[in-house]
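# Per-entry structural report
Here is how the chains run, residue by residue.
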Amino acid sequence: MIYLQKSKKNHNFANLKNRNDMRQKSLIILILIIATPFLTWAQNYNATAKIDSNRILIGDQLNVTLSITAPSASNIIIPQPNAKGLDTLGIDLIGNSAIDTTKDGDKSVYNQTITITAFDSGSYVFPPIAILSVDSQILAATSPLHFEVMTIQVDTTAAFRDIKQPAKEMIT
């Protein structure tokens, strides 16, 4: 009997300890639930990139739409993709539009369109663009964009044809 009573006392002590552990865990979970909106509110920088198609024919153009949201009072650097950097990836840069800035309350939204193409068939990845602070810290970055360049089907069994001459039009 003494052994059972001793065991019962240890069992009660273990239950008390488990209850305290559960209370501590519950308190931590409650604090995290309450603090989550404040933690997500602190992330004011957002960068997204969208591509208008994930499959093109050789030589067709793709538009990459870059959209960045940042606090209005912040100074950010938006690196511009250059032809040399993209050329090493097999992507040709056609051009960049000017950056369009829109104020939305205490936030600024920056939009830009980047036009690219590729002259070889295969799968390509447009690299992520990192948005930097003035002291070169990465504030946000876009995701890499995947696209595929297809060839035109050519009938190799058909005979060659001459090139058509320009049509003659009467000038009036």
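Basis of the calculations
- Residues numbered from 1 in each chain as written.
- Predicted model: local features only at pLDDT ≥ 70, side-chain atom pairs only at ≥ 80, totals over all residues.
- Heavy atoms only, no water.
- Salt bridge = Lys/Arg side-chain N within 4 Å of Asp/Glu carboxyl O.
- Helix = DSSP H or I, 4+ residues; strand = E, 2+ residues; numbered from the N terminus.
- Buried < 20%, exposed > 50% of the residue type's maximum accessible area, 1.4 Å probe, protein only.
- Pairing = 2+ DSSP bridges.
- Core = buried A, V, L, I, M, F, W, Y, C linked by side-chain atoms within 4.5 Å.
- Contact = heavy atoms within 4.5 Å.
- Axes fitted to C-alpha atoms, helices over the stretch in contact; angles between N-to-C directions.
- Polar contact = N/O pair within 3.5 Å; in protein donor to acceptor, adjacent residues only side chain to side chain.

## Overview of the pattern of salt bridges
- This structure, assessed with the given rule, holds 1 salt bridge.
- With a shortest N-O distance of 3.8 Å, E148 and R55 are connected by a salt bridge. A residue pair is termed long-range when its members are at least 10 positions apart, and E148 in strand 11 (residues 145-150) and R55 in strand 2 (residues 55-57) qualify at 93 residues.
- Its relative accessible area of 27% is what places E148 among the partly exposed residues.

## Remarks on the sheet that holds strand 9 (residues 130-133)
- Spatial strand order, 4-9-10: 3 strands in an open sheet with antiparallel pairing. One side of each edge strand has no neighbouring strand; the edge strands of this open sheet are strand 4 (76-77) and strand 10 (138-141).
- Direction of pairing for strand 9 relative to strand 10: antiparallel, over a ladder of 3 bridges. Note on strand 10: the bridge partner recorded for A130 is A141.

## Looking at the nonpolar core
- I68, I116, F126 and F147 are the most contacted members of the largest nonpolar core, which has 24 residues in total.
- Residue contributions to this core peak at 5 residues, all from strand 3 (residues 61-71).
- For F147, the residues in contact, after removing those within four places along its chain, are I51, S53, N54, L62, I91, I116, G122, S123, Y124 and F126.

## Considering the sheet that holds strand 2
- Taking strand neighbours across the sheet as the criterion, the 3 strands line up as 2-11-8 in an open arrangement whose pairing is mixed. Sheet topology places strand 2 and strand 8 (122-126) at the edges, where each strand pairs with a single neighbour. Averaged over all adjacent pairs, the angle separating strand axes in this sheet is 30 degrees, with direction ignored.
- Relative to strand 11, strand 2 runs parallel, the two being bridged by 3 bridges.

## Let's talk about the side chain of Q112
- Counting through the fold element by element, Q112 comes out in strand 7 (residues 107-117).
- Side chain to side chain, Q112 and Q80 meet in a polar contact 2.7 Å long.
- Not counting chain neighbours up to four residues away, the residues in contact with Q112 comprise V64, T65, L66, Q80, N96, S97, A98 and I99.

## With respect to unusual backbone geometry
- With a phi angle near 65 degrees, S136 is a residue other than glycine that sits in the positive phi range.
- When you line up the elements, S136 lands in the loop between strand 9 and strand 10.

## Considerations on the environment of I76
- Turning to its location among the elements, I76 is positioned in strand 4.
- Distance from I76 to I131, taken between C-alpha atoms, is 6.9 Å for residues 55 residues apart in sequence.
- Excluding residues that lie within four positions of it along the chain, I76 makes contacts with Y45, I68, A70, Y110, I131, L132 and L139.

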